[in-house]
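An overview of the molecular structure
Spelled out, the chains give:
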Amino acid sequence: MATTEFSVHKRDIQFVLFEQFDCEGLCKLPAYAEHSKELFDMVLDESIKLATDSLAPLNKIGDEQGAVYKGEGVVAMPEGFKAAYDLYAEGGWIGMVHSPDYGGQGLPHMLKYATGEIFSAANVAFYLTHTLTEGAAHLIERFGTDALRRMYCERMYAGEWAGTMCLTEPSAGSDVGNLKTTARKVGDHYLIQGSKIFITAGEHDLTPNIIHAVLARIEGAPAGTKGISLFAVPKYLVADDGSLGERNDMICGNIEHKMGMKASPTCTLNFGDEGRCKGWLLGEEHQGMRLMFQMMNEERLAVGMQGLSLAAVAYQSALGYSLERTQGAELGVKDAAAPRTRIVNHPDVRRMLMHMKAFVDGLRSMMLATARYIDLSEKAEDEEARRTHMNLVELLTPVCKAYGSDMGFRVNEMAIQVFGGYGYCQEYPVEQYCRDQKISSIYEGTNGIQALDLLGRKIARNQGEWLKQFLGMAFELTAELEGHAELGGLAGKLAQAARAITKTATDLAVGLGKDPAYAMLHACPFLEAFGHVAMAYYLLDAARIAQDKLQALGYEPGAAGAAELLCDNPEAAFYFGRVASARYFIHQILPQVDALARAIDSHDRSALEVFFGE
């Protein structure tokens, strides 16, 4: 049997972009007035073409060859990556949402996230490099001097040069405040000295220069995160005319050998071994962590999108396989000589496919909703609207990252199960998707850190105001659907879960002051429970729209000809699928919120009290 090919279901993305969240409506804002739905559709088409023709064919090649450390600081990328990178850069994809003043296209973040799903699904190791380049360039655009902006931003957004973020050290992983890298001021620059580890795309042969956003402590600065500053450190120094000068005193010492993401070089970078590594301050001294959070949050959302993208492509692969693979007789057929049926007809396989579809549909809606909130937080004309949408971005960022990566991995795992033994074999793509996915719950802040961020910074610190704002939207939707013939029962279940999460959030937020260890113990289960509520909200919102479209097409449940309509009309089948996703998730997954809430309320301290061999 042939290997399942990469595919994108564009209709799914179009529904969320244009029907659920009205991306076209953004064109009413002055910042996007020159754009149109036709342009957005064209961008989607071009991203699918590039992903299908150039990126997806390299995914297995990248996994088999991997990035290779050649010694003396040189890293070679897999065959074909440089040519694909040049096509990607020429298309303007890196700077697509940024200012035309620096070579960007000024497109909405909604479109960036939609195309990001497509590119990441095709070749996530390839795509990672470019999210980091964009993030580093954006740091320089926001916090660099005019000279640094002129020197770097346009070249980085154009893909001529690349970028990274350098936080982690051997003694400072999640505990960034313990970093040892130092900076000493000399004239208009600083001399940087230290080592960073786990630096994604820290060295490669895709571009002649790489600009590193490096956290370091200036001599005499306070201990901890309050004493950290942020620097732009180029691989090659740049002359005033923009040409490359001598090699800066920094080198890649090695790359890691990993479970997945093998075509993405994860580097150890050594700065200042000879005492002459030059870096330039971004922002003010001692503001490094605050400034770096801009890029960290951008990357956390990108990781959440990775969770969605690999889940989506794994679901499409499993669905395609289930429609081809025959095994066993159809349910109820007793004749041993009867033709074998496609496995999609077996109830347990249908359950797994429905489970995957519901999570993929919900994650896509949650990610693109967050992208819309970013657009409105930056471009809405009313200051209050910008503030309220930024509140939602802040609240949902750790949820998108942690819930998206955790649930994405579970979808990948289930896709392997649909394939059966073949799913465990390298001839089929789902085992690579699963391996590539696993890191997403670890990097850019482990999911445990995301949970603490949600509970501590995003809920307790503002007395739950951002949470109330989000749940207010959920309660508004459930009130609108109360009594609805098809969706009223689902709305009632969502309202019940939203009330449960409100009580649990309040109890844990209070507990942070009285019994912080117990509150932290349950931060991850709380994030998962809140993620379920958020997913149910976005799925029900999508089902509301889809149900109206179904009725407009003449579909009435149980009516004569209803089944025929779904078979004969692809649009009717599509909308029915969106309603089914909401039904499945709210009936099968959302009840876990009550179970998680009861477990948190049990005050079981076993994990804090058991002896683990200390």
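Our structure's up above, just so we're on the same page.
Residues numbered from 1 in each chain as written. Predicted model: local features only at pLDDT ≥ 70, side-chain atom pairs only at ≥ 80, totals over all residues. Heavy atoms only, no water.

**Some thoughts on the overall build of the protein chain**
Along the protein chain, the regular secondary structure elements total 20 helices and 12 strands. Here the C-alpha radius of gyration of the protein chain, 25 Å, is about what a compact globule of 614 residues would show, namely 25 Å. Considering only C-alpha atoms, the protein chain reaches an extent of 80 × 60 × 55 Å along its principal axes. Sorting the 614 residues of the protein chain into buried and exposed places 57% on the buried side. Nonlocal contacts in the protein chain, meaning residues at least 24 apart in sequence, comprise 74% of its contacts between residues at least 6 apart. One finds the centroid of the 57 positive side-chain charges in the protein chain at a distance of 4 Å from the centroid of its 79 negative side-chain charges. (Helix = DSSP H or I, 4+ residues; strand = E, 2+ residues; numbered from the N terminus. Rg over C-alpha atoms; globule rule 2.2 N^0.38 Å. Buried < 20%, exposed > 50% of the residue type's maximum accessible area, 1.4 Å probe, protein only. Contact = heavy atoms within 4.5 Å. Lys, Arg positive; Asp, Glu negative; His and termini not counted. Charge placed at Lys NZ, Arg CZ, Asp CG, Glu CD.)

**Some remarks on the side chain of Glu-141**
Tracing the sequence through the fold places Glu-141 in helix 6 (residues 124-143). This buried residue, Glu-141, is left without a salt bridge; Arg-149 holds the nearest opposite charge, at 6.9 Å. In this structure the side chain of Glu-141 is engaged in a polar contact, spanning 2.6 Å, whose partner is the side chain of Tyr-157. Excluding anything up to four places from it in sequence, Glu-141 contacts His-98, Ser-99, Tyr-102, Arg-149, Cys-153 and Tyr-157. (Salt bridge = Lys/Arg side-chain N within 4 Å of Asp/Glu carboxyl O. Polar contact = N/O pair within 3.5 Å; in protein donor to acceptor, adjacent residues only side chain to side chain.)

**A short note on the nonpolar core**
Residues Leu-17, Tyr-403, Phe-470, Phe-526 and Phe-530 are the most contacted members of the largest nonpolar core, which totals 176 residues. Element by element, the count of residues in this core is highest for helix 16 (residues 523-552), at 18 residues. Once you skip the residues sitting within four places of it in the chain, Tyr-403 turns out to touch Phe-359, Leu-363, Met-366, Pro-398, Gly-408, Leu-527, Glu-528, Gly-531, His-532, Met-535 and Phe-585. (Core = buried A, V, L, I, M, F, W, Y, C linked by side-chain atoms within 4.5 Å.)

**Things to note about the pairing of strand 4 (residues 182-186)**
In the sheet, strand 4 pairs with strand 5 (residues 189-200) via 5 bridges, with the strands oriented antiparallel. When the bridges of strand 5 are listed, Arg-184 appears paired with Leu-191. The antiparallel pairing of strand 4 with strand 5 creates a hairpin that spans 2 residues between the two strands, and Gly-187 there sits at a positive phi of about 65°. Strand direction decides the pairing type here: strand 4 and strand 6 (residues 210-218), joined by 2 bridges, are parallel. Directly across from Thr-182, in strand 6, lies its bridge partner Arg-217. (Pairing = 2+ DSSP bridges.)

**Digging into the side chain of Thr-133**
Mapped onto the fold, Thr-133 is located in helix 6. For Thr-133, a relative accessible area of 1% corresponds to the buried category. Residues contacting Thr-133, with those up to four places away along its chain left out, are Ile-94, Met-156, Trp-161, Ala-162 and Gly-163.

**Topic: helix 10 (residues 383-419)**
Compared with the 54 Å implied by 1.5 Å per residue over 37 residues, the 51 Å span of helix 10 between its first and last C-alpha is a close match. Its maximal kink placed at Leu-396, helix 10 deviates by approximately 40°, while the proline Pro-398 follows within four residues. The N-capping residue of helix 10, defined by a side-chain oxygen 3.1 Å from the backbone nitrogen of Glu-384, is Asp-382. Looking one or two places after helix 10, you find Gly-420, whose phi comes out positive at around 70°. (Expected span 1.5 Å × (residues − 1). Bend = angle between axes of the 7 residues up to and from the residue.)

**Quick word on the pairing of strand 1 (residues 68-71)**
Pairing analysis gives 3 bridges linking strand 1 to strand 2 (residues 74-76), with the strands arranged antiparallel. The residue of strand 2 that forms the bridge with Gly-71 is Val-74. A loop of 2 residues connects strand 1 with strand 2, the two strands running antiparallel in sequence, and Glu-72 in this loop sits at a positive phi of about 55°.

**Here we look at the packing of helix 6 against helix 7 (residues 146-157)**
Where helix 6 contacts helix 7, the axes come no closer than 9 Å and their chain directions differ by 155°. Regarding the angle of helix 6 to helix 7, the classification is roughly antiparallel. Judged by the twist between their axes, the crossing of helix 6 over helix 7 is left-handed. Listed contacts from helix 7 to Thr-133, Glu-134, Ala-136, Ala-137, His-138, Ile-140, Glu-141 and Arg-142 of helix 6 are Leu-148, Arg-149, Tyr-152, Cys-153, Met-156 and Tyr-157. Taken together, the residues of the contact of helix 6 with helix 7 sort by class into 8 nonpolar, 2 polar and 4 charged. (Axes fitted to C-alpha atoms, helices over the stretch in contact; angles between N-to-C directions. Parallel < 35°, antiparallel > 145°, perpendicular 65-115°, else oblique. Left-handed = near helix turned anticlockwise from the far one by under 90°. Nonpolar A, V, L, I, M, F, W, Y, C, P; charged D, E, K, R; others polar.)

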